[in-house]
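Overview (structure and organization)
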Amino acid sequence: MPPKRKGPLQTLQRDTDDIKRQVDSLAREVQQLDRTSDGEGLTEASGRCSSLQKSVEETAKTLRKLTKADEPAPVGNYEGRKLDEERRLQAIRQQLQSLSLKLSMLQKPTQSEKAATHASSRDEPESEDEGEESEEEEEDDDDEEEEEQEEEDQADEEKRADFFVVACSFKGEQEGDLTVQKGDLLRILSKNPDGWWLAQDSKGRMGVVPKNFLKVPQEEEDEEDDEDESDAEEESADEQLEPTTKSSRSHHSNWDVVRKAITEMNATDVLSAMGAIPAGFRPSTLSRMLAEGNTYRSSYYIQPELSRSQLAFKDLFWDPDTGSVRPRVTRTSLTLTLWSCRMIPGPGVGVQVLSRHVRLCVFDGVRVLSNIHTVRACHSAKNPKTWTFSPRTAGILPSLLDGDCFVRSDAQSPELGVLFELGVTYIRNSTGERGDLSCGWAFLKLFDASGVPVPYRMCELSVSGGTPYEKGVDVDPSISSRATGSVFHQMLASRKQPKLLVKLRLPNTRTRATLNLLPDSLVGSTCSAHLLALYRQVLADALVRDRPTIQNADLICHPVLATFPEVLDHTDLLDALRSTWAEKESGLRRSHKRDGQRLKGLFVEVYMSTVFPLLRSSALPSAQWANEEQETLRWNAVFASASPGVRDGLSVLLSANPVQEAFDITQVTYDFLGAARRGVETT
């Protein structure tokens, strides 16, 4: 059997492990050198430290270029593992910077001792016999002059490389900054690539300063001869640096200084450095997974799942007794209500929030085992730290705002639960840059240690900062979650912590029967569950009941099967279908409502007359997440077309003034082999 091929990410992880071992070994050697003060050892250690710093930067660049498509085989939780490696490299980088600073401080007294020894050696021949000394000086006079000249040139080069003059005063605004005045002489200990250099002043104080506030010192002779010229240059330098000083680090950072590093930093790092967001905010993990493709979308999970043999369906069977899809009971089948979020901090000045939302999915601590469902939250200007769901609105509540959700999963993991990620979509006022941030996450474990389901009740979940793969990170470190003192103080501290309130419910008999018709793994809005169940029944008719043979894999001409999964990714279209279906269903007799064949036929009729023409309508504005103006235009267009009295779908398609996009055969053909999910291990 050939050896298993290693992927690029696994290879990089081993390289990081090797670098970490070398750094730890170097740290132990530096501790020994601190006691022995071995000059040669310090020089060698300094070289190794520089080499390791280069290796870390090269590894970090390689990591940033890696994508999931580079892996020879599927890798679970790829983005999470990649993010963990980034943090490991960042920790190693900081450790190397500390070692570099310590080595530079150890080398300074060693160089001073060498300079003193060299000076004393130059004075010793004067106390010896003048005759012998004069003969030796006459023989080696030229060699000594050359050596002295080389040493002076080398010292001058080191001085120019290590020492800089402050061209403009800088006042530190955060911990780690070094406050300097114009004209101060600084020794540069480390030149960081982000433009903030580690420096030491004449009093021994250390900190970081922006490199564009420094200049190379001039020779003393040039300063004496051209004093006026240098003053003019300093004044012009001040004029150039004054605008930078005004905009320098509005909170914690300076865009002009870090401009070169922006390409190597994500937007969250920049916003965090500016102080625009709390330290516990991260790039949204679930938003990034949704953007990667349709793997974590409802349109993918509503499709039938193939068995391991790929020759039959795993979760779609025909029940001849009922003439419908066979119900399936799963390990987890429940409903929950998002109640509210409390004490959730928001971004600071300069960042406008376009959407507050909660994304939820089935999670086992390592993998996402279902689609990712999104519920938008509301808030009031008087209390922006409190998010609410399911507001009272006229008519049918949009499913995007509905906090009532269902959760289905057949995974057998003992750590199975529901992951909630609290997120915001933002736009930066200065640059117009949009992005998604995670304001924290909460995890609701569904089973206890003995495998018994948790009780159905109101749950108050603590919201943690960072990502779901980080532990012990606070959303806002300024409000510590580790309160000390009396019980009263602990209660006050607990009230300041971010919380998510979720109410678990046991589905009633009707809802449970509807959920049992759905796929084994699915998360969605409870108000749309009956539409998904109708689609699954139509799907079972076409794939199981009406197929000529089980081996037949021809394309199926069925517009509903071909396009309905796409509707699940557009909640406004699904709401239009739900509204129209509610009107049609309310006019049915009770006996007709119990007739499954009649309901399936009516479902297809309603779908084809309302939603199907809208999917390819050129008059419908394109969907854009968290764009209020675009969403309003699209909402009005959708419900204007779906309102009673409007022409049916066929008349729209055959209109003399068509507003439809060019016809594509994929709009009416369903390829179940290409659409079906492949069976995976969920334990």
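Throughout, a residue's number is its position along its own chain's written sequence, starting from 1. It should be noted that, the model being predicted, local features are given only for residues of pLDDT at least 70 and side-chain atom pairs only at 80 or more, the latter also being counted only at that level, while totals for whole chains, interfaces and linings use all residues. Each side-chain value is derived from all of the structure's non-hydrogen atoms; neither hydrogens nor water enter the calculation.

**Things to note about the sheet that holds strand E15 (residues 417-428)**
Which entries qualify depends on this criterion: DSSP calls a pair of strands paired once it identifies at least 2 bridges connecting them. The helix count covers DSSP runs of H or I at least four residues long, the strand count covers runs of E at least two residues long, and both are numbered beginning at the N terminus.
Pairing within the open sheet is antiparallel, and its 5 strands lie in the order E6-E16-E15-E10-E11. Each edge of the sheet is formed by a strand with only one pairing partner; in this case those strands are strand E6 (282-283) and strand E11 (373-376). Of the pairings in the sheet, the one linking strand E10 (residues 351-363) to E15 comprises 12 bridges and is antiparallel in character. Residue pairing across strands places valine 362 opposite valine 418, the latter belonging to E15.

**With respect to the pattern of salt bridges**
The following threshold applies: Salt bridges are defined as contacts in which a side-chain nitrogen from Lys or Arg sits within 4 Å of a carboxyl oxygen from Asp or Glu. Burial here depends on accessible area, computed with a 1.4 Å probe over protein chains only, as a share of the maximum for the residue type. Under 20% is buried, over 50% is exposed, and the range in between is partly exposed.
The full count for this structure, using the stated rule, is 24 salt bridges. As a salt-bridge pair, aspartate 520 and arginine 408 come within 4.0 Å of each other at their nearest N and O atoms. A residue pair is termed long-range when its members are at least 10 positions apart, and aspartate 520 in the loop between helix H11 (509-515) and strand E19 (522-525) and arginine 408 in strand E14 (residues 404-409) qualify at 112 residues. Residue aspartate 520 shares its accessibility class with arginine 408, and that shared class is buried. What you see here is one network of salt bridges that share partners, running through Glu305, Lys314, Asp315, Arg536 and Arg677.

**Overview of helix H1 (residues 8-36)**
Inclusion rule: To estimate the expected span of a helix, count its residues, drop one, and scale the result by 1.5 Å.
For H1, built from 29 residues, the straight-helix expectation of 42 Å at 1.5 Å per residue is met to within 8% by its first-to-last C-alpha distance of 42 Å. Buried within H1 we find Leu9, Leu12, Thr16, Ile19, Val23, Leu26, Ala27, Val30 and Leu33.

**Points about the pairing of strand E2 (residues 185-191)**
Here E2 lies mainly inside the structure; 5 of its 7 residues are buried. Here strand E1 (residues 163-166) runs beside E2; their pairing, made up of 3 bridges, is antiparallel. In the strand pairing of E2, valine 165 is matched with leucine 185.

**Here's the deal with helix H14 (residues 571-586)**
The end-to-end C-alpha distance of H14 is 22 Å, a good match for the 22 Å that 16 residues give at a rise of 1.5 Å each. Regarding H14, the residues found buried are Asp572, Leu573, Leu574, Asp575, Ala576, Leu577, Arg578, Ser579, Thr580 and Trp581.

**Brief notes about the packing of aromatic side chains**
Applicable threshold: Pairing of aromatic rings covers Phe, Tyr and the six-membered ring of Trp, with a centre-to-centre limit of 6.5 Å; geometry is then stacked below 30 degrees between planes, edge-to-face above 60, and tilted otherwise.
A complete count under the given rule lists 10 aromatic pairs for this structure. Pairing phenylalanine 164 with tryptophan 197 gives two aromatic rings, centres 5.5 Å apart and planes at 70 degrees, and the pair type is edge-to-face. In this pair, phenylalanine 164 sits in strand E1 while tryptophan 197 sits in strand E3 (residues 196-200), placing the two residues 33 residues apart along the sequence. Classification of tryptophan 197 as buried rests on a relative accessible area of 13%. Summarising the aromatic geometry, the rings of phenylalanine 564 and tyrosine 607 are spaced 6.0 Å apart at their centres and angled 55 degrees between planes, so their arrangement reads as tilted. Here the residue phenylalanine 564 occupies a position in helix H13 (residues 559-567), and tyrosine 607 occupies one in helix H16 (residues 596-615), the gap between them amounting to 43 residues.

Any functional reading would require information that these geometric values do not contain.
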